[in-house]
Every structure is written in C-alpha cells, then in structure tokens.
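The lines below spell out each chain.
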Amino acid sequence: MLSWNGDIHEFLSVYQKNMTDFQDKVNSHLSWLNDDLYLDNDFRLALIIQKLDASFSRLLYNQICENTRLINIILNKLSSLLNESDYQEYDDLGNLVTVSYEAYLNNKLELDKDNFNQYYQQLQVILDKLAKFKHDNVSEQYLKGGEN
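Presented here is a report on the structure given in the accompanying data block. (Residues numbered from 1 in each chain as written. Predicted model: local features only at pLDDT ≥ 70, side-chain atom pairs only at ≥ 80, totals over all residues. Heavy atoms only, no water.)

## A closer look at the overall build of the chain
Right, on to step 1. A tally of regular secondary structure across the chain gives 4 helices and 2 strands.
Right, on to step 2. Counting helices and strands in the order they occur from the N terminus, the chain gives α-α-β-β-α-α.
Right, on to step 3. The buried share of the chain, reckoned over its 148 residues, is 39%.
Right, on to step 4. Pairs at least 24 residues apart make up 65% of the contacts formed inside the chain by residues separated by at least 6 positions.
Right, on to step 5. Accessible surface computed for the chain: about 8900 Å², of which carbon and sulfur atoms make up 48%. (Helix = DSSP H or I, 4+ residues; strand = E, 2+ residues; numbered from the N terminus. Buried < 20%, exposed > 50% of the residue type's maximum accessible area, 1.4 Å probe, protein only. Contact = heavy atoms within 4.5 Å. Areas by Shrake-Rupley, 256 points an atom, 1.4 Å probe, with all protein chains shown as cover.)

Structure, rendered in structure tokens:
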C-alpha cells in the first residue's frame, strides 16, 4: 500500500492505486479459495475506483464510505467462510482462533493524512494475513499451475 503525503493533488491517485491493488488481491484470494481449497464462494469485491468525484465534494466522501462498507462486507463474508471451514486455526492450548478481518476510517468529514495512512496500514495487514494463509495452505499442484 502506498502512503499518502497529505498533498491534496495526489490523494485520488494514491487512493485509486491502493483500492485497485486491494480489490485485485482480495479477488485473487477468493478465486484461489475456490480453485485450490474448494471453499466455494461467489464473493467479488467491486469498488468505486474509476468514477470517483474529483471535485472533493460530499459525493467523494460518500463514495469512500461506500467503498469502506463494501470492503467490510466482503471481509466479513471471508471471515465467516474461513471460520466455518476445515482450515480453522488453533492456539497453543487447543482453543479455536476465529478469523476476523476489518478495516475502518475514522468518521472525519475531511481528507486527513494520518487517518488515511492508518487505514491503508490496516488494509496491508489484512493482505499480509491473506498471503500468509495462502502460503500455509496452498497445494503443490496449484503451485505447479495444475488444477486439483
């Protein structure tokens, strides 16, 4: 994830790049769950990215809030899918560790550098967790490019 330097003229390009990357990586992960682990899902993240309001009006804020809502809907579905699967994890004491992914912006009606950079960090942590899960569970056949 890119960090935003606070320059208003760079906000949209950083936001669009980060949202595009996040969307692509989450959708790729969801496809992998279907193809390799047979965790059937028809989830796809479809964010408002290309048609963002460039005038920095209330519409842009609403679009950003809608994207955040859509991200958390998909992450909640993904968490439930994993928590109900055979790929659950346990701690050292044998207790079930439930998966929970979520990322939120503060409810500020302004473009705040620290708020957005913290949000981007939350999204990166989620991507890192997804990558670790895939690394720990990917099949040899999938790695070789074959279908299960």
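## Examining helix 3 (residues 113–137)
Right, on to step 1. Taking 1.5 Å per residue, 25 residues should reach 36 Å; helix 3 reaches 36 Å between its end C-alpha atoms and fits that length.
Right, on to step 2. Burial in helix 3 covers these residues: Asn115, Phe116, Asn117, Tyr119, Tyr120, Leu123, Ile126, Leu127, Leu130 and Phe133.
Right, on to step 3. The inward-facing, buried residues of helix 3 contact helix 1 (8–35), helix 2 (58–83) and strand 1 (89–90). (Expected span 1.5 Å × (residues − 1).)

## Remarks on the environment of Thr68
Right, on to step 1. Relative to the helices and strands, Thr68 resides in helix 2.
Right, on to step 2. Here the alpha-carbon distance between Thr68 and Ile48, two residues 20 residues apart in the chain, equals 10 Å.
Right, on to step 3. Other than its neighbours up to four places away in sequence, Thr68 contacts Ala103, Tyr104, Leu105 and Tyr119.
Right, on to step 4. One polar contact links Thr68 to Tyr119, side chain to side chain, over a distance of 3.4 Å. (Polar contact = N/O pair within 3.5 Å; in protein donor to acceptor, adjacent residues only side chain to side chain.)

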